[in-house]
Amino acid sequence: MQEIEDAPLTDKEKDFCIHYIGSYNATQSAYKAGYKGRYGTIRSFGYELLQKPKVRNLIDYLKRMKRETILAGVDDVIDLHMRIAFSDMSGFMQWGNDGEHNAAYLMPSEMVDGNLIKSISVGKTTKIELEDRQKSLDFLERY
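The structure presented is a predicted model; accordingly, all values stated were derived computationally and were not measured.

Scoring rules and cut-offs
- Sequence positions are assigned chain by chain, starting from 1 and proceeding in written order.
- Residues qualify for local features only when their pLDDT is at least 70, as the model is predicted, and side-chain atom pairs are given and counted only at 80 or more; totals for whole chains, interfaces and linings, by contrast, use all residues.
- Hydrogens and water are ignored here; the side-chain numbers use all heavy atoms of the structure.
- Counting from the N terminus, the helices are DSSP H or I runs at least four residues long and the strands are E runs at least two residues long.
- For every residue, the accessible area (1.4 Å probe, protein chains only) is compared with the maximum for its type, and the residue is labelled buried under 20%, exposed over 50%, or partly exposed between those bounds.
- The contact criterion used is simple: two residues touch if any of their non-hydrogen atoms lie within 4.5 Å.
- Accessible surface area values rest on a Shrake-Rupley calculation with a 1.4 Å probe, where residue burial reflects the displayed protein chains alone.
- The charged-residue count follows a simple rule in which Lys and Arg add positive charge and Asp and Glu add negative charge, with His and chain termini not counted at all.
- Note on charges: their place is set at NZ of Lys, CZ of Arg, CG of Asp or CD of Glu.
- The length a helix should cover is 1.5 Å for every residue beyond the first.
- Arc definition: directions from the helix axis to the C-beta atoms.
- The axes used here are C-alpha line fits, helices contributing only the stretch in contact, and every angle between their N-to-C directions lies in the interval 0 to 180 degrees.
- Throughout, the term roughly parallel applies to angles under 35 degrees, roughly antiparallel to angles over 145, roughly perpendicular to angles from 65 to 115, and oblique to all others.
- Left-handed describes a crossing whose near helix is turned anticlockwise from the far helix by less than a right angle; the clockwise case is right-handed.
- Note that Gly is not counted as nonpolar here; it falls among the polar residues with everything else outside the nonpolar set of Ala, Val, Leu, Ile, Met, Phe, Trp, Tyr, Cys and Pro and the charged set of Asp, Glu, Lys and Arg.

Overview of the overall build of the chain
- Per the secondary structure count, the chain includes 7 helices and 4 strands.
- Secondary structure elements of the chain occur, N-terminal to C-terminal, as α-α-α-α-α-α-β-β-β-β-α.
- Oriented by its inertia axes, the alpha-carbon framework of the chain measures out at about 90 × 35 × 25 Å.
- Sorting the 143 residues of the chain into buried and exposed places 24% on the buried side.
- Contacts in the chain between residues far apart in sequence, at least 24 positions, make up 48% of those at least 6 positions apart.
- Per element, the accessible surface of the chain, about 11,000 Å² overall, is 53% carbon and sulfur.
- A distance of 10 Å separates the average location of the 20 positive side-chain charges in the chain from that of its 22 negative side-chain charges.

Description of helix H2 (residues 11-23)
- Compared with the 18 Å implied by 1.5 Å per residue over 13 residues, the 19 Å span of H2 between its first and last C-alpha is a close match.
- For H2, the full list of buried residues reads Glu13, Phe16, Cys17, Tyr20 and Ile21. Projected onto a plane normal to the axis of H2, the buried residues spread over an arc of 125° and lie on a single side. For H2, the exposed residues set more than 90 degrees away from the buried face come down to Asp11 and Gly22.
- If you follow the buried residues of H2, they end up packed against helix H3 (26-32), helix H4 (39-51) and helix H5 (53-69).

Overview of the packing of H2 against H5
- Where H2 contacts H5, the axes come no closer than 9 Å and their chain directions differ by 45°. Taken together, the axis directions place H2 and H5 in an arrangement best described as oblique. For the pair H2 and H5, the crossing hand works out as right-handed. Counting all contacts with H2, which are made through Glu13, Lys14, Phe16, Cys17, Ile18, Tyr20, Ile21 and Gly22, the residues of H5 involved are Val55, Leu58, Ile59, Leu62, Lys63 and Lys66.
- The residue makeup of the contact of H2 with H5, split by class, is 9 nonpolar, 1 polar and 4 charged.

So, H4
- For H4, with 13 residues, the first-to-last C-alpha span of 19 Å sits near the 18 Å given by 1.5 Å per residue.
- Taken together, the buried positions of H4 are Ile42, Gly46, Leu49 and Leu50. Along the axis of H4, the buried positions cluster into a sector of 100°, meaning they face one direction only.
- For H4, the secondary structure elements touched by its buried residues are H2, H3 and H5.

This is the structure:
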């Protein structure tokens, strides 16, 4: 029995772990990892895999790695709310009068912070709707 416990995880078991941390559905993860059979059989494989200590350890490790690599922290959320709260249309378009005509021009997309835009509508007229400044101001006030 000791030899079985010391055996490394198979590729299918590793794949199961990777799929499992994305869905937390053992049956679906076993199927995606390549386990074959009827629904009940695959469901049993998923359950059995979750009972193996090495599988559980790899799942725990992958979950920790997933948490540690999430780049959005509290500072990032506050920064986004600050940008939304203090954004204005001059970051998205230019306008003016050339002496004869009024004109408005959209800024090139690579110069625009898309996180601040709620929607864009292009037709006879172009409309840009920014994210709700008041919600972000309220969030910052509560923070």
